[in-house]
Amino acid sequence: MALTISEAEIRQVVSQVLNKVQSAPAAKDWDSTQYAGRKLIGIYEDMNDAIAAANEGYKAVRSMTVEQREKIITEIRKLTYAEAPIMAKIGVAETGMGKVEHKRLKHILVADKTPGTEDIVSNAKTGDSGLTLIEMAPFGVVGAITPSTNPSETVICNSIGMIAAGNGVVFNPHPNAIATSNYAVDLVNRASKAAGGPEVLVCSMKKPTLESAAVMQSHPLIRLLVCTGGPGVVKAVLSSGKKAIGAGAGNPPVIVDDTADIKKAGKDIIDGCTFDNNLPCIAEKEVFAFRNIADELISVMLKNGAYKIDAAQAEQLAKIVLVEKTGKDGKTRKIVNRECVGRDADVILAKIGVNVSKDIRCIICETDFNHPFVQEELMMPILPIVRVDNIDQAIEYGVKAEHGNRHTAHMHSKNIDNLSRFAKAVETTIFVKNAPSYAGIGFGGEGHTTFTIAGPTGEGITSARSFTRQRRCVMADSFRII
Ligand code: NAD
């Protein structure tokens, strides 16, 4: 009997083997310029030099056929597949955040589901006055700012889309994830060379700073800024005077009503909330549960790796995971403690003297609506649950907790009126029904993936076409064939 094995199965086996043979790299084996003694390509000390090199990359892409661009993208996908375990491990080792296996899966998702050149579609209009052709052209050199939460995933996802669109790219990555980000920049350049493209196609900084970001934002060769990060950086690029795509913060609420499949809802919410220790901006951040199903929902969550803390413990934890900071305006506000972001649930619990096993993946607690766990984007596996009386209160709370970010919201329900009402009221870029949050970026849900979800500027689930500008060519009175 012939044994058939699918491509997906082969890939799974290959990545499992790679995962085993590639042990966690020692800290001395990598930094922002080298990995295991191999110099990373495309890394510069000065942002002006990086932009000049990215401009050469842009010129090279411009002179390529679309088929050649696609060859480079195919090579990027292959290398991402093969080296996902390495990037996952450096990502966790460098930032101290997230889960290696989940980061590996995020890279596979990027390799599989980031659209390439097929996403760029031309248009034609014909009529009595002739033919008008509309084509989607590159901007030129794109300046991209990337986060610490999905560092190499964002660099590779952005690179595929931006190169597919015909652009050059210079990155100013998050300083806390610079080795991981630059590993990905080098991977893209290795893919380019292997596919017959230029040796340096995309560029980055040895030591990115706010100053290097400022140089990028005002440089005449930078025609488009793409920023993935928190509110501060999105505001900075939107004030730059250049065309900018802003992918900012979220605080995704989840509503669970009394028509939901509670067993599935409880499991889905814990799975989504704990994916990469809650680092994805789309991950479930607070739950509004109908009062009559809340106990059952909590008990399902407890069976799926959650640990419930009481109100006093929640107060204790709040003092640790949120710290006070005085801003330039002299006002003191609570900000998230970076030492807790993306950490394992047991590590966070240990900070309040609670010792649990590694099997505990999420900390749950019941709070009121005004609790900081509900209001702040924690980005760690702590999930507050607020009991609500009815759908009106659930929607009111869900909309308020989302803070107008228009980012992501989730709902578990079989009542189509309730689902439609919340979707309309919350106005988010992504709305996931009856699934874990990651279904919203194509992981177990239909549609392409991105790690740059541009709510504020409206591009949404960005892809190659988001990084293009429209151009029109008119032939008056001719070129019709009918
Ligand atoms: P962050 O805001 O701390 O940093 C993002 C990047 O901006 C970094 O490269 C940082 O060095 C830079 N930066 C910060 N302030 C700047 C300024 N004033 N000018 C220029 N550059 C500046 O983000 P982070 O902690 O790495 O990521 C977490 C945040 O990003 C969360 O709020 C999360 O929701 C958001 N995020 C959004 C998306 C999305 O697709 N919408 C994706 C990932 C992360």
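Since this is a predicted model, take the numbers as computed values, not measurements.

Details of the sheet that holds strand β3 (residues 43-44)
Here we have six strands laid out as an open sheet, ordered β3-β8-β7-β6-β9-β10, and parallel in their pairing. Single-partner strands in this sheet number two, and they are β3 and β10 (244-247). When strand β6 (residues 141-145) meets strand β9 (residues 222-228), the two strands line up parallel, connected through five bridges. Note on β9: the bridge partner recorded for I145 is C227. Against the sheet, helix α2 (residues 47-62) makes contact with β3, β6, β7 (168-172), β8 (202-205) and β9, and its axis sits at roughly 155° relative to β7, the strand it touches most.

Points about empty space enclosed by the protein
The full count for this structure, using the stated rule, is three cavities of 30 Å³ or more. Its boundaries defined by the atoms lining it, the largest cavity holds a volume of some 50 Å³. In terms of lining residues, the largest cavity is bounded by N150, P280, C281, I282, I441, T450, F451 and I453. Across the lining of the largest cavity, the residue classes tally to six nonpolar, two polar and no charged. Its boundaries defined by the atoms lining it, the second largest cavity holds a volume of some 40 Å³. Each residue belonging to the lining of the second largest cavity can be placed in one class, and the counts come to four nonpolar, seven polar and no charged.

Considerations on the layout of surface pockets
Size it by volume and the largest pocket reaches roughly 1900 Å³. As for the largest pocket, its lining consists of 50 residues, of which G230, P231, G232, V233 and R338 are closest to the centre. With five residues, the top contributor of residues to the lining of the largest pocket is helix α8 (residues 231-238). For the lining of the largest pocket, the residue count by class is 19 nonpolar, 23 polar and eight charged. By volume, the second largest pocket amounts to about 310 Å³.

Re the site of the ligand
S148, G230, R338, E377 and I453 are the nearest of the 30 residues found near the ligand. Between the ligand and G230, the relevant distance is 2.8 Å, taken from an oxygen atom to a main-chain nitrogen or oxygen of the residue. In the model, an oxygen atom of the ligand is placed 3.5 Å from a nitrogen or oxygen of the F451 main chain. Here the ligand has 850 Å² of accessible area as a free molecule, and 87% of this is covered by the chains. Mapped onto the shell around the ligand, the elements with two or more residues apiece are α7 (210-218) and α8. Element by element, the count of residues in the shell around the ligand is highest for α7, at three residues. Broken down by class, the residue content of the shell around the ligand amounts to 14 nonpolar, 14 polar and two charged.

Comments concerning the pattern of salt bridges
Any two side chains of opposite charge can pair, on the condition that their charged atoms come close. Scanning the model with the defined rule gives 26 salt bridges in all. Linking K206 and E45 is a salt bridge whose minimum nitrogen-to-oxygen distance equals 3.5 Å. Of this pair, K206 sits in the loop between β8 and α7 while E45 is found in the loop between β3 and α2, placing the two residues 161 residues apart along the sequence. For K206, a relative accessible area of 37% gives the class partly exposed. Residue classification places E45 among the exposed residues on the basis of a relative accessible area of 66%. Note that R421 and D392 form a salt bridge whose closest N and O atoms lie 2.6 Å from each other. On the criterion of sequence distance, the pair formed by R421 in helix α15 (residues 416-426) and D392 in helix α14 (residues 391-402) is long-range, its members being 29 residues apart.

What to know about the sheet that holds strand β22 (residues 468-476)
The sheet built from three strands is open, its strands ordered β4-β5-β22 with antiparallel pairing. One side of each edge strand has no neighbouring strand; the edge strands of this open sheet are β4 (123-127) and β22. The average undirected angle you get between the axes of adjacent strands in this sheet is 15°. Bridge count for β4 against strand β5 (residues 130-138) is five bridges, and the pairing is antiparallel. In the sheet register, A124 faces β5, and the bridge partner there is L133.

As for the packing of helix α5 (residues 151-164) against helix α6 (residues 178-194)
For the pair α5 and α6, interaxial distance at closest approach is 7 Å and the crossing angle is 30°. When the axis of α5 is compared with that of α6, the two are roughly parallel. Here α5 runs over α6; the crossing is right-handed. Taking contact as the criterion, the partners of P151, S152, V155, I156, S159 and I163 in α5 are, on α6, T180, S181, A184, V185, L187 and V188. The residue inventory of the contact of α5 with α6, partitioned by class, reads eight nonpolar, four polar and no charged.

Concerning the nonpolar core
Counting residues in hydrophobic clusters, the biggest one holds 51 residues, and the most contacted among them are I76, I156 and V202. Leave out the neighbours within four places in its chain, and I156 touches I76, T80, M87, H107, V110, A184 and L187. Within the second largest apolar cluster, 38 residues are counted, among which are A265, A306, F369 and M411.

Quick look at the packing of aromatic side chains
Within this structure, the stated rule accounts for eight aromatic pairs. Relative to Y183, the ring of Y35 lies with its centre 5.0 Å away and its plane at 85°, an arrangement referred to as edge-to-face. Here Y35, found in strand β1 (residues 34-35), pairs with Y183, found in helix α6; they are 148 residues apart in sequence, far enough to count as distant. Both rings, one in F369 and one in Y397, keep their centres 4.3 Å apart while their planes meet at 15°; by these two values the pair is stacked. Of this pair, F369 sits in the loop between β16 (362-366) and α13 (372-375) while Y397 sits in helix α14, and the two are 28 residues apart along the sequence. Residue F369 shares its accessibility class with Y397, and that shared class is buried.

A few points about helix α11 (residues 311-321)
The set of residues buried in α11 consists of Q313, A314, L317, A318 and V321. The buried residues of α11 occupy an angular sector of 140° when projected down its axis, which confines them to one face. More than 90 degrees from the buried face of α11, the exposed residues found are A312 and K319. Here the buried face of α11 lies against β14 (322-326), β15 (332-336), α12 (345-350), β16, α13 and β17 (382-388). Where α11 begins, the side chain of D310 points an oxygen toward the backbone nitrogen of A312, at a separation of 3.2 Å.

Conventions we followed
- Residues numbered from 1 in each chain as written.
- Predicted model: local features only at pLDDT ≥ 70, side-chain atom pairs only at ≥ 80, totals over all residues.
- Heavy atoms only, no water.
- Pairing = 2+ DSSP bridges.
- Helix = DSSP H or I, 4+ residues; strand = E, 2+ residues; numbered from the N terminus.
- Contact = heavy atoms within 4.5 Å.
- Axes fitted to C-alpha atoms, helices over the stretch in contact; angles between N-to-C directions.
- 1 Å grid on protein atoms, 1.4 Å probe; cavity = no way out; pocket = protein on both sides within 12 Å on 5 of 7 lines; lining within 4 Å.
- Points joined across faces, edges and corners; volume = space filled by probe spheres on them.
- Nonpolar A, V, L, I, M, F, W, Y, C, P; charged D, E, K, R; others polar.
- Near = heavy atom within 4 Å.
- Polar contact = N/O pair within 3.5 Å; in protein donor to acceptor, adjacent residues only side chain to side chain.
- Areas by Shrake-Rupley, 256 points an atom, 1.4 Å probe, with all protein chains shown as cover.
- Salt bridge = Lys/Arg side-chain N within 4 Å of Asp/Glu carboxyl O.
- Buried < 20%, exposed > 50% of the residue type's maximum accessible area, 1.4 Å probe, protein only.
- Parallel < 35°, antiparallel > 145°, perpendicular 65-115°, else oblique.
- Left-handed = near helix turned anticlockwise from the far one by under 90°.
- Core = buried A, V, L, I, M, F, W, Y, C linked by side-chain atoms within 4.5 Å.
- Phe/Tyr/Trp six-rings, centres within 6.5 Å; stacked < 30°, edge-to-face > 60°.
- Arc of directions from axis to C-beta.

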